[in-house]
Amino acid sequence: MGIDPKIEQSTRKMLGYAIRNEPEDLAALVRAEANETLLGSIPLCLFASAYIAVDVSNRWPTDADVREIAKHASESATELDITEQEIYEYLARVALGSEKLDDVFSMEGLATIPLFATANLLLTFSPGDKHWWEYLDQIWDAAETAERTSLAVLPALMLRARKESSRRDGNGS
């Protein structure tokens, strides 16, 4: 994924303003940023949102999982102007799916939907022992690690995950 530090910092600031429901500061930052930076934030939001959906589901999310995730995220304390259906479409069709953002949403939604959905997902599903920005660090660190790792290790990671899950559930040695 190769995360550009400038884009990462701007995305983190935008998510912070969205999470804290500070629309004036968010709008000012969006106006101040170059178009390239704003466009660069979309793949970061897409990856983070998809990661959260997989993490929360503990597997590749089913449609029922995505609907439940969207329902909970839409009830987030951010009070952002995004609906459960928009979060569902964003996750199911774009972040976890194969459609392009601009094929699913209108021009007005291209910048706000990824940002607002990701903000709601972060605030709703950050593990209890982590602040949202720490969870975001984990997500983006995982993205960079995955980019450098051969897919040949995937079976070994799946085996490890299965064993650890069994141990947690009391079924393993």
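This one's a predicted model, so the numbers in the text were calculated from it and none came from an experiment.

(A) Examining helix α1 (residues 5-19) more closely. For α1, built from 15 residues, the straight-helix expectation of 21 Å at 1.5 Å per residue is met to within 8% by its first-to-last C-alpha distance of 21 Å. Along α1, the positions that sit buried rather than exposed are Ile7, Glu8, Ser10, Thr11, Arg12, Met14, Leu15, Gly16, Ala18 and Ile19. Considering only its buried residues, α1 is in contact with α2 (23-32), α3 (35-57), α7 (109-125) and α8 (132-148). N-cap assignment for α1: the residue whose side-chain oxygen lies 2.8 Å from the backbone N of Lys6 is Asp4. The positive-phi residue at the C-terminal boundary of α1 is Asn21, with phi of around 55°.

(B) How the structure looks around the packing of α1 against α8. With their axes 11 Å apart at the nearest point, α1 and α8 run at an angle of 145° to one another. Once α1 is placed against α8, the crossing between them reads as right-handed. Two secondary-structure elements touch here, α1 through Glu8, Thr11, Arg12, Leu15, Gly16 and Ile19 and α8 through Trp132, Trp133, Leu136, Asp137 and Trp140. For the contact of α1 with α8, the class distribution of residues is 6 nonpolar, 2 polar and 3 charged.

(C) Structural detail: the confidence of the model for the chain. Averaged over all residues, the pLDDT of the chain equals 90, while 98% of them reach at least 70. The secondary-structure element of the chain with the lowest mean pLDDT is α2, recorded at 85, while helix α4 (residues 63-74) shows the highest, at 97.

Analysis parameters
Residues numbered from 1 in each chain as written. Predicted model: local features only at pLDDT ≥ 70, side-chain atom pairs only at ≥ 80, totals over all residues. Heavy atoms only, no water. Helix = DSSP H or I, 4+ residues; strand = E, 2+ residues; numbered from the N terminus. Expected span 1.5 Å × (residues − 1). Buried < 20%, exposed > 50% of the residue type's maximum accessible area, 1.4 Å probe, protein only. Contact = heavy atoms within 4.5 Å. Polar contact = N/O pair within 3.5 Å; in protein donor to acceptor, adjacent residues only side chain to side chain. Axes fitted to C-alpha atoms, helices over the stretch in contact; angles between N-to-C directions. Left-handed = near helix turned anticlockwise from the far one by under 90°. Nonpolar A, V, L, I, M, F, W, Y, C, P; charged D, E, K, R; others polar. pLDDT = per-residue confidence, 0-100.

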